[in-house]
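Spelled out, the chains give:
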Amino acid sequence: MGTSTSAPKSETPVRLREVVAAELRRLILAGRLVPGERLVEDRLAELLGVSRNPVREAIRVLEAEGFVETAARRGALVATLDEDQADDIFEVRLALEPLGARLAARRENPALVARMKEVLSEAQDPTADRDLDHLADLHSDLHSLVFEMTGNAYLVAIAIPMVKRGQWLLRQRSPLRDPRAWEQHHGLIAAIEAGDPELAEAEARRHVLTMRHESRQEPGAR
């Protein structure tokens, strides 16, 4: 986490706040700043190579977005998603992921399909890294590849940030170490490879519904 976000002197304070907020958001989504972790302004300012003011302003931005919460006597903390927020994420996924799978199945891209299979194989390899952060990254990579295969730049622009937000949720609550969390991806990839839009859409919807159910069954699973 040593990448500096210090900006040229020509940048305005507002621009610097946005840069710092983007970097803090990235660290939260990537699991480098974990739910419940206290956000210490001095430490973050040193980490990012900026003064405390843009860090303080960026934390306010992230609080408004729901990534940060404030607790009495503890200050700013990385937020933990509540049930309503989790449901909202899954509702959006239910709209976007079946559409992405349908559009991906209409296109032919053996290279991307091969990459999906590689990611799935690594995720299910019992000898590979079973760290939850790594598994969440693989899950995000796999679903991002589906949207990439659609070739629809507008859908990609909308969906990839939601994939990353979903990745944050999965790190907090979903049992990705359970093989059942990955099995349905075989059917999804097969339907896309076969060029069957209806089946791909159905497989994507089934997967999202299953993950929502599993998330509710095992809140806080790590």
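Residues numbered from 1 in each chain as written. Predicted model: local features only at pLDDT ≥ 70, side-chain atom pairs only at ≥ 80, totals over all residues. Heavy atoms only, no water.

Caption draft 1: Molecular detail of the side chain of Arg102. Within the element layout of this structure, Arg102 appears in helix α4 (residues 83–105). There is a polar contact of 2.7 Å between the side chain of Arg102 and the side chain of Glu201. Discounting chain neighbours no more than four positions away, the residues touching Arg102 are Pro197, Glu198, Ala200 and Glu201. (Helix = DSSP H or I, 4+ residues; strand = E, 2+ residues; numbered from the N terminus. Polar contact = N/O pair within 3.5 Å; in protein donor to acceptor, adjacent residues only side chain to side chain. Contact = heavy atoms within 4.5 Å.)

Caption draft 2: Structural context of the environment of Val50. Mapped onto the elements of the fold, Val50 is located in the loop between α2 (41–48) and α3 (52–65). Note: C-alpha distance between Val50 and Arg17 (33 residues apart in sequence) is 9.9 Å.

Caption draft 3: How the structure looks around the nonpolar core. Judged by nonpolar contacts, the single largest core of 67 residues is most densely connected at Leu24 and Leu176. Leaving out residues up to four positions away in the same chain, Leu176 has contacts with Arg130, Leu132, Leu135, Ala136, His139, Leu170, Ala181, Trp182 and Met211. (Core = buried A, V, L, I, M, F, W, Y, C linked by side-chain atoms within 4.5 Å. Buried < 20%, exposed > 50% of the residue type's maximum accessible area, 1.4 Å probe, protein only.)

Caption draft 4: Structural view of the environment of Arg216. The topology assignment puts Arg216 in helix α9 (residues 197–217). Here the alpha-carbon distance between Arg216 and Ala86, two residues 130 residues apart in the chain, equals 9.1 Å.

Caption draft 5: Quick peek at the side chain of Ser144. Take Ser144: it is sitting in helix α6 (residues 132–150). Dropping the residues within four chain positions of it, Ser144 is found in contact with Ile160 and Val163.

Caption draft 6: Focus on the pattern of salt bridges. Inspection of the entire model under this criterion finds 14 salt bridges. A salt bridge links Arg205 to Glu201; the nearest nitrogen and oxygen atoms lie 3.5 Å apart. Highlighted residues: Arg205 and Glu201, both in helix α9, separated by 4 residues, approximately one helical turn. Overall, Arg205 belongs to the partly exposed group, its relative accessible area being 33%. A salt bridge links Glu203 to Arg206; the shortest N-O distance between them is 2.9 Å. Placement of both Glu203 and Arg206 in helix α9 is noted, with a separation of 3 residues, approximately one turn of the helix. Residue classification places Glu203 among the buried positions, given a relative accessible area of 12%. (Salt bridge = Lys/Arg side-chain N within 4 Å of Asp/Glu carboxyl O.)

Caption draft 7: Structural view of the pairing of strand β1 (residues 68–71). Both β1 and strand β2 (residues 75–78) contribute to a ladder of 4 bridges, which runs antiparallel. The partner of Ala71 across the bridge, within β2, is Gly75. Connecting β1 to the next strand, β2, in antiparallel fashion are 3 residues, including Arg73 with a positive phi near 70 degrees. (Pairing = 2+ DSSP bridges.)

Caption draft 8: Inspection of the packing of helix α5 (residues 110–124) against α6 at higher detail. One way to put it is that α5 packs onto α6 with a least axis distance of 10 Å and a crossing angle of 165 degrees. By the angle between their directions, the pair α5 and α6 is classed as roughly antiparallel. Crossing geometry of α5 relative to α6 is assigned as left-handed. From α5, Leu112, Val113, Arg115, Met116, Val119, Glu122 and Ala123 reach across to α6, where they touch His134, Leu135, Leu138, Leu142, Leu145, Val146, Glu148 and Met149. For the contact of α5 with α6, a count of residues per class yields 11 nonpolar, 1 polar and 3 charged. (Axes fitted to C-alpha atoms, helices over the stretch in contact; angles between N-to-C directions. Parallel < 35°, antiparallel > 145°, perpendicular 65-115°, else oblique. Left-handed = near helix turned anticlockwise from the far one by under 90°. Nonpolar A, V, L, I, M, F, W, Y, C, P; charged D, E, K, R; others polar.)

Caption draft 9: Structural view of the packing of aromatic side chains. For the structure on display, the rule yields 1 aromatic pair. With 5.1 Å between their ring centres and 40 degrees between their planes, Phe67 and Trp168 make a pair best called tilted. Of this pair, Phe67 sits in the loop between α3 and β1 while Trp168 sits in helix α7 (residues 153–173), and the two are 101 residues apart along the sequence. Judged by its relative accessible area of 2%, Phe67 falls in the buried class. Residue Trp168 is classed as buried on the basis of its relative accessible area, which comes to 1%. (Phe/Tyr/Trp six-rings, centres within 6.5 Å; stacked < 30°, edge-to-face > 60°.)

Caption draft 10: Unusual backbone geometry, seen in detail. Notably, Arg73 is not glycine yet its phi reads approximately 70 degrees, a positive angle. Of note, Arg73 is situated in the loop between β1 and β2. Relative accessible area serves as the criterion here: at 84%, Arg73 is assigned to the exposed category.

By themselves these figures say nothing about function.
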